[in-house]
Every structure is written in structure tokens, then in C-alpha cells.
Amino acid sequence: MCVVALTHSSLPSRLRSGPAVRLLLYKLTRQQKYADDFNRYMDTWLALPKTPKGLAFYLEWGPLRYSANTAFLALLAADYGIKPDKFRAFAVSQVTRHS
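Predicted model only: the values in this text are computed from it and were never measured.

Chemist: Describe the side chain of Asn39, listing the residues and the values that go with them.
Modeler: Its location among the elements puts Asn39 in helix 3 (residues 32-46). Apart from residues lying up to four places away in sequence, Asn39 is in contact with Ile82, Lys83 and Phe87.

In C-alpha cells:
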């Protein structure tokens, strides 16, 4: 079973790479189970509270690093044909001006 929940940055990087690994596996195999795993990860991100300017807010320390990295993964997923419109819109919303 795949763990797709958000993980804290104090965990080893091997435990934080799940979504990226799932995308790579999907790209290589085109097996739907990997796309489904990534979709569950993104569902968690899309449900996060947002700042008044729309930034998905995850953890107090360094929230931009989390949203920027997730935006990058969302763009990769869109390029691979996984919910392209929805994930591109999320990515753009996370990297536009939030100040």
C-alpha cells in the first residue's frame, strides 16, 4: 500500500519522495495505480487551507518550498496527462505573486 499523506520535513528524504516516485513510475509504466496514488496526494494539497492570496498553506516554516515543489509535480503530472487542466491551474496559482 502506498503512503500518499503529506509528510513532515524532518523525515528522511526517502520517505518524502513518494509522489515524485509515483509520477516517475506512471511515466515509465502507464499503470493507473500510480496515477491514482498521485491523485490522492494532490487531493490532499487541494484541500489545504489557503492564504488570502491563494497559497496552499502547509506548515509554518517555509510554506513556499512545499507549494513550489508540489506545483512542479503538478505540472509534470499535467504533462503526463493526469488531470492536465486542474493540475496546471493549481501550479499556476501557487507560483504567482502572493505578497
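Chemist: For helix 4 (residues 63-79), give the residues involved together with the corresponding values.
Modeler: Taking 1.5 Å per residue, 17 residues should reach 24 Å; helix 4 reaches 25 Å between its end C-alpha atoms and fits that length. Turning to helix 4, its buried residues number three or more, namely Pro63, Tyr66, Ser67, Thr70, Ala71, Leu73, Ala74, Ala77 and Ala78. Taken together, the buried residues of helix 4 touch helix 2 (18-29), helix 3 and helix 5 (84-95). Positive phi shows up at Gly81, right after helix 4, with a value of about 90°.

Chemist: How would you summarise the environment of Ala77 if you had to cite specific residues and measurements?
Modeler: Assignment of secondary structure puts Ala77 in helix 4. With near-sequence residues (within four places) excluded, Ala77 lies in contact with Leu23, Phe38, Ile82 and Phe87.

Chemist: With reference to specific residues and values, describe the packing of helix 4 against helix 5.
Modeler: Taken N-terminus to C-terminus, the directions of helix 4 and helix 5 make an angle of 155°; their axes are 8 Å apart at the nearest point. Viewed along their axes, helix 4 and helix 5 adopt a mutual orientation that is roughly antiparallel. When the axes of helix 4 and helix 5 are compared, the crossing they make is left-handed. On the side of helix 4, the interface is formed by Ser67, Thr70, Ala71, Ala74, Leu75, Ala77, Ala78 and Asp79, while helix 5 contributes Pro84, Phe87, Arg88, Phe90, Ala91, Gln94 and Val95.

About the cut-offs
Residues numbered from 1 in each chain as written. Predicted model: local features only at pLDDT ≥ 70, side-chain atom pairs only at ≥ 80, totals over all residues. Heavy atoms only, no water. Helix = DSSP H or I, 4+ residues; strand = E, 2+ residues; numbered from the N terminus. Contact = heavy atoms within 4.5 Å. Expected span 1.5 Å × (residues − 1). Buried < 20%, exposed > 50% of the residue type's maximum accessible area, 1.4 Å probe, protein only. Axes fitted to C-alpha atoms, helices over the stretch in contact; angles between N-to-C directions. Parallel < 35°, antiparallel > 145°, perpendicular 65-115°, else oblique. Left-handed = near helix turned anticlockwise from the far one by under 90°.

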